[in-house]
Amino acid sequence: MTDTPIATIGLSHISIRVRDVARSKAWYQAALGFEVLTEGPAPTPDRTYSAMGLLCDGRLALELLQSPDGHAADIKTFGIVGLSLTVPDIEVAASQAQAKGLDPTPVIEAGDWKVVFLRDPDGNVVEFVMQPPGATSIADFAPVLRARRLNASS
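Rules of the game
- Residues numbered from 1 in each chain as written.
- Predicted model: local features only at pLDDT ≥ 70, side-chain atom pairs only at ≥ 80, totals over all residues.
- Heavy atoms only, no water.
- Helix = DSSP H or I, 4+ residues; strand = E, 2+ residues; numbered from the N terminus.
- Buried < 20%, exposed > 50% of the residue type's maximum accessible area, 1.4 Å probe, protein only.
- Salt bridge = Lys/Arg side-chain N within 4 Å of Asp/Glu carboxyl O.
- Core = buried A, V, L, I, M, F, W, Y, C linked by side-chain atoms within 4.5 Å.
- Contact = heavy atoms within 4.5 Å.

1. Remarks on the environment of Ala 110
Part 1 of the reasoning: Mapping Ala 110 onto the fold places it in strand E6 (residues 108–110).
Part 2 of the reasoning: With a relative accessible area of 18%, Ala 110 lands in the buried category.
Part 3 of the reasoning: Through-space distance from the C-alpha of Ala 110 to that of Pro 41 is 9.8 Å; in sequence the pair is 69 residues apart.

See the structure below:
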């Protein structure tokens, strides 16, 4: 294992597992003003269905991920899927993770960004995301995603 830490530049977004994305999306929209930016297969190894959107006046990106087999989170497992950290270079991050023996996934192309996943010692997911140029989080990239969604619906 190398001693050099993997460089991160911010929190990309928070992901939570839900039993039904449509139901949860409606709840988050009604309760907290969740603005959906993207919806469809997530850039995860299982390609689960997801909805990505914004909360807190656009300052926090939240991803709702369809839970496998529709299982609800409980008090023992909570509902957080993992931590998503923005990295300046996904290939470097993946290489560093591999050198540290962290067993990262291959780089997954996700349209405008690229991701790599690994697990911590307790099995929690840590995701590294390389955002499009100029963005340090999904929330930073929201204007582009919002425009795409509006164009697609018109």
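From this point, the narrative continues.
2. With respect to the pattern of salt bridges
Part 1 of the reasoning: Scanning all chains against the criterion turns up 5 salt bridges.
Part 2 of the reasoning: Taking the shortest distance from any N to any O, the salt bridge between Arg 149 and Glu 39 comes out at 3.7 Å. In this pair, Arg 149 sits in helix H3 (residues 138–153) while Glu 39 sits in strand E2 (residues 35–41), placing the two residues 110 residues apart along the sequence.
Part 3 of the reasoning: On the accessibility criterion, Arg 149 (33% relative accessible area) is partly exposed.
Part 4 of the reasoning: Residue class for Glu 39 comes out partly exposed when judged on its relative accessible area of 32%.
Part 5 of the reasoning: The network of salt bridges with common partners includes Lys 25, Glu 39 and Arg 149.

3. Re the nonpolar core
Part 1 of the reasoning: Membership of the largest hydrophobic core comes to 17 residues, with the highest contact counts inside it found for Leu 54, Trp 113, Val 115, Ile 138 and Leu 145.
Part 2 of the reasoning: Secondary-structure elements contributing two or more residues to this core are strand E3 (49–55), E6, strand E7 (113–119), strand E8 (125–130) and H3.
Part 3 of the reasoning: Here this core takes 5 residues from H3, the largest share from any one element.
Part 4 of the reasoning: Sequence-distant contacts of Ile 138, defined by excluding residues within four places in its chain, comprise Ser 12, His 13, Met 52, Ala 61, Trp 113, Gln 131 and Leu 145.
Part 5 of the reasoning: Ile 6, Ala 94, Val 116 and Phe 128 belong to the second largest nonpolar core, which has 11 residues in total.

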